[in-house]
Amino acid sequence: KRAGAGGGSRGDKTLEDGSLSWENTIYVQGLPASARMHEIAEFFGGIGPIKKSKKSHNQGEPTIHLYKDKRTGQPKGDGTISYEEPSTARAAIDWFSGKPFGPPGAYPTSSLTVTIATRPDANRFGKGGGGGGGHRELALLEEVTCHLGELLAEVVDETAAMVEKKQARTYDEIERDLAAAAEAQEDEDEDDDEEKEKPIYNPLNLPLGWDGKPIPYWLYKLHGLNIEYRCEICGNQSYMGPRAFERHFQEWRHAHGMACLGIPNTRHFQGITLIEDAYTLWAKLKGETQGSTWNPELDEEFEDKQGNVMNRKTYTDLARQGLLD
């Protein structure tokens, strides 16, 4: 319900500083940090009925809100309590102010300070922005943050207790914890070793990848690893896939086979895998090489007195027959 200048159903009134007094709600300071919600409800409910919450997460519970430290999640010792009637809230100020909390002797060092709760006027700060604008969003965010803090309070307490417990451990307790951690690590290592020792399921006999597992079948087909190439020169060695086959011509096994045949392992023999084909090509290359070498009898030129040019063999034959001047 929106609060106006004349007050709403809760009895809100506008103060001189522009804030609203929450007439049916009191603001209490000096609450013991160990005080529980039911103790607060029972103590402050003795003067009149406390308003019941209508929110879904705590419907039917007393409308009591305790402020907590944002860092530790512990109660700060102050909070708000909403009554059914504004008159009950005004009476609570006179009745509880300056008194200790709880039954006589329960919290003798506590001293309560009770006032009417106030809050900012969201409509005043909205500046025409539809009922509060960003201030409403900020208030909602603060409420959600406080609620999350309440939900995580138990986790924070358990974490703090665990830290204190670890810091208070004796030397024997530390050694026992370290030994238990070492045993747990050994058990994990044994489990890993057992998994490694298990045989790899590879019914298609696929090659193993970098991780020690069979490569995918589509990759196996893509690289032609299902095609076998044999090389007679290498001793009928098999090579799977075109890439391995092309690479083997420069490897030691093929070079050794060519050396045993007395044939140099040059680029002319790239792709030759049969011994007979290698010998045939080698004989052809030797014939071409011999036909292109220097032969003095045929390539050396001579000239007679008449200026006729001939090779050495022809010149020698004519001179032997006495046909040259």
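No experiment lies behind these values; they were computed from the predicted model shown.

Rules behind the numbers
Within each chain, residue numbers correspond to sequence positions counted from 1 in written order. Reporting of local features is limited, given that this is a predicted model, to residues whose pLDDT is at least 70; pairs of side-chain atoms are given and counted only at 80 or more, and all residues count toward the totals for whole chains, interfaces and linings. Only heavy atoms go into the side-chain values, all of them from the structure, while hydrogens and water stay out. Numbering goes from the N terminus for both helices and strands, where a helix is a DSSP run of H or I of at least four residues and a strand is a run of E of at least two. Note on exposure labels: buried denotes an accessible area under 20% of the residue type's maximum, exposed denotes more than 50%, and partly exposed covers the range between, all computed with a 1.4 Å probe on protein chains only. Residues count as neighbours in contact if any of their non-hydrogen atoms are within 4.5 Å of one another. Using a 1.4 Å probe, the Shrake-Rupley method yields the accessible areas, and only the shown protein chains count as cover for residues. Buried Ala, Val, Leu, Ile, Met, Phe, Trp, Tyr and Cys residues that are joined via side-chain atoms within 4.5 Å together make up what is termed a nonpolar core. Note: pLDDT gives the predictor's confidence per residue, expressed from 0 to 100. Two N or O atoms count as a polar contact when they lie within 3.5 Å, although within protein this holds only if one can serve as hydrogen donor and the other as acceptor, and sequence-adjacent residues are included solely when both atoms are side-chain atoms. A pair of strands is labelled paired if DSSP reports no fewer than 2 bridges between them. Candidate patch residues must exceed 30% relative accessible area and have no salt bridge, after which like charges are joined if within 9 Å and Val, Leu, Ile, Met, Phe, Trp or Tyr side chains if within 5 Å. Any carboxyl oxygen of Asp or Glu within 4 Å of a side-chain nitrogen of Lys or Arg constitutes a salt bridge here. What the arc describes is the spread of directions from the helix axis to the C-beta atoms. When the centres of two rings from Phe, Tyr and Trp lie within 6.5 Å, Trp using its six-membered ring, the rings pair. Their planes under 30 degrees apart give stacked, over 60 give edge-to-face, and anything left gives tilted. Here, over-ring charges are defined by two tests on the NZ atom of lysine or the CZ atom of arginine: distance to the ring centre within 6 Å, and angle to the ring normal within 35 degrees.

### A word on the overall build of the protein chain
At step 1: Looking only at helices and strands, the protein chain features 11 helices and nine strands.
At step 2: Here the protein chain holds 325 residues, and the buried ones make up 23% of them.
At step 3: Long-range pairs, those at least 24 residues apart, make up 42% of the contacts in the protein chain with a sequence separation of at least 6.
At step 4: Here the protein chain has roughly 23,300 Å² of accessible surface; of this, 53% comes from carbon and sulfur atoms.

### Observations regarding the nonpolar core
At step 1: The biggest cluster of nonpolar side chains holds 21 residues, and the ones touching the most others in it are Ile-26, Ile-40, Phe-44, Ile-81, Tyr-83, Phe-101 and Leu-112.
At step 2: Going through the elements one at a time, β2 (20-29), α1 (37-44), β3 (64-68) and α2 (86-96) are the ones with two or more residues in this core.
At step 3: Leave out the neighbours within four places in its chain, and Leu-112 touches Val-28, Gln-29, Gly-30, Leu-31, Phe-43, Phe-44, Phe-96, Ser-97, Gly-98, Lys-99, Pro-100 and Phe-101.
At step 4: Phe-245, Phe-249, Leu-261 and Leu-285 belong to the second largest nonpolar core, which has 13 residues in total.

### Here's the deal with the confidence of the model for the protein chain
At step 1: Mean pLDDT over the protein chain: 81, with 85% of residues reaching 70 or higher.
At step 2: The low-confidence segment residues 1-10 (pLDDT under 50) makes 18 contacts with residues lying over four places distant or belonging to another chain.
At step 3: Taken as a whole, residues 125-133 scores under 50 in pLDDT and shows six contacts with residues more than four places along the chain or in a different chain.

### Re helix α11 (residues 312-320)
At step 1: At the N-terminal end of α11, a side-chain oxygen is found 3.4 Å from the backbone nitrogen of Lys-313, two or three residues along, and the residue is Asn-311.
At step 2: Positive phi appears at Gly-322, one or two residues downstream of α11, with a value of about 75°.

### Some details on the pairing of strand β4 (residues 75-82)
At step 1: For β4, the buried fraction is high: six of the eight residues fall into the buried class.
At step 2: One ladder, built from four bridges, connects β3 with β4; its direction is antiparallel. Each residue of the ladder has a partner; that of His-65, found in β4, is Thr-80.
At step 3: What sits between the antiparallel neighbours β3 and β4 is a turn of six residues, in which Gly-73 has the positive phi angle 80°.

### A short note on a nonpolar patch on the surface
At step 1: Together, Leu-140, Val-144, Leu-148, Leu-151, Leu-152, Val-155 and Val-156 make up an exposed nonpolar region whose accessible area comes to about 620 Å².
At step 2: Mapped onto the elements of the fold, Leu-152 is located in helix α4 (residues 134-167).

### Some words on α1
Owing to its 3.6 residues per turn, the α-helix aligns residues three or four sequence positions apart on the same side.
At step 1: Listed as buried for α1 are Ile-40, Ala-41, Phe-43 and Phe-44. One face of α1 carries all of its buried residues, which in axial projection span an arc of 165°. Turned more than 90 degrees from where α1 packs its buried face, His-38 and Glu-42 sit exposed.

### A closer look at the packing of aromatic side chains
Describing an aromatic ring pair means giving the distance of the ring centres and the angle of the ring planes.
At step 1: Inspection of every chain in the model, using the stated rule, returns 12 aromatic pairs.
At step 2: Ring geometry for Phe-101 and Tyr-107: centres 5.5 Å apart, planes at 45°, overall tilted. Just as Phe-101 is buried, Tyr-107 falls in that class too.
At step 3: Centre to centre, the rings of Phe-245 and Phe-249 are 5.1 Å apart; their planes meet at 75°, and the pair counts as edge-to-face. One exposure class covers both Phe-245 and Phe-249, and it is buried.
At step 4: Feature note: the residues Phe-43, Phe-44, Phe-96, Phe-101 and Tyr-107 constitute an aromatic cluster, connected by ring pairs.
At step 5: One Lys or Arg, Lys-99, reaches over the ring of Trp-95 and ends 3.8 Å from the middle of that ring.

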